[in-house]
Amino acid sequence: MIAEPRPNLTARPYRGLSVQDVAVALTTEALTAWLVGRDVYRRTEYVLARHGDRAALLAVAKAPTVDLFAAVVAVRVLAAADQVVLIDSAGTDVGNASALAGVALRHRTPGALAYVVTGRYRHVNFVWRPEPVVLYVDEVVPPHPPKLADMVRQAISFDENLPPVRVVSRLISLPLRMRTRPMPHYLLPCRGAGAPSAGVTASYLDAGPAAREDWAVVGCQRSKQIYAHHYGSPPSTIDFCPEVVAGGAVAGARLTKCCLLERGIRVTGDVAVVPWGANLDEVRSAVTALVTP
């Protein structure tokens, strides 16, 4: 007997879905009679049975074989004809679960269980009961776009093993942080942090200003360490560390970054931390650790 799968099921790889036009009615009895005993390709795990402009999604179990084809021994209807939504989305990579779920949720239909997408290169795949994992990304801006959130989306876009993921950015605005302590002069970490508003002077810590001014350092723990090295005393600091000052706890996975972590990732429960200058492999590893069961 074929067990009911968990939400977010897709064919991995998409060639595991066989699309077949059938002459029989799209009922459980008719589809079972049509398919049980029939030979299918050995990589086939699911069948989309189409009849006119309607379709049903089936899971199949096959007899053991070393040949190219195997006989179907059991069938489970995952979604009946009135529970399948057919979507044509030429730009969608159907090998990517997040892309599939994104399209499905834009076509959300009451009562639907399976969303079948004809996507890029006319390849076809489905997502069953899409429930994307929410991933909160805490990041500092500027620069724009927020780099860490951008890298997370890049990692998700090409990883074919992840479940569907929905990224929620929680952005820490440097200009808003600076407004909490109005000063005529700020010391920012680097020029990537942007410039303050008109009438306010900015210097940059990575440039090593020669003179110590009456300024507030906009930075984090590493900025404090660098400042102490150059100027010999603790600075007045407006902290922006996303690991520390982001907007409260969340019920779910959270990804952020820390300048004290120079390479690799750190994962504690539902929180993953990457270096401030993380590469895409580190970001991908952190995302995988957070959203993979």
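An account of the accompanying structure is given in this report. (Residues numbered from 1 in each chain as written. Predicted model: local features only at pLDDT ≥ 70, side-chain atom pairs only at ≥ 80, totals over all residues. Heavy atoms only, no water.)

**Structural notes on the pattern of salt bridges**
- Following the criterion strictly, the structure yields 13 salt bridges and no others.
- One salt bridge connects Asp-138 with Arg-254, and the closest N-O pair in it is separated by 2.4 Å. With a gap of 116 residues between them, Asp-138 in strand β9 (residues 133-141) and Arg-254 in strand β15 (residues 253-258) connect regions that are remote in the sequence.
- The exposure class of Arg-254 is buried, given its relative accessible area of 13%.
- One network of salt bridges, with partners in common, ties together Glu-4, Arg-76, Arg-129 and Glu-131. (Salt bridge = Lys/Arg side-chain N within 4 Å of Asp/Glu carboxyl O. Helix = DSSP H or I, 4+ residues; strand = E, 2+ residues; numbered from the N terminus. Buried < 20%, exposed > 50% of the residue type's maximum accessible area, 1.4 Å probe, protein only.)

**Comments concerning the sheet that holds strand β12 (residues 201-204)**
- The four strands are arranged β12-β11-β13-β14 in an open sheet whose pairing can be described as parallel. Each of the sheet's edge strands pairs with one partner strand only, and the pair in question is β12 and β14 (237-239). Geometrically, the sheet is characterised by an average inter-axis angle of 25 degrees between neighbouring strands, direction not taken into account.
- In this structure, strand β11 (residues 185-188) lies alongside β12, joined through four bridges in parallel fashion. Bridging from a neighbouring strand, His-185 pairs with Thr-201 of β12. (Pairing = 2+ DSSP bridges. Axes fitted to C-alpha atoms, helices over the stretch in contact; angles between N-to-C directions.)

**Structural notes on the pairing of β11**
- Side-chain alternation along β11 places His-185 and Leu-187 on one buried face and Tyr-186 and Leu-188 on a second face that is also buried.
- Summarising the sheet, β11 and strand β13 (residues 216-219) pair through two bridges and their orientation is parallel. Paired with Tyr-186 across the bridge in β13 is Ala-216.

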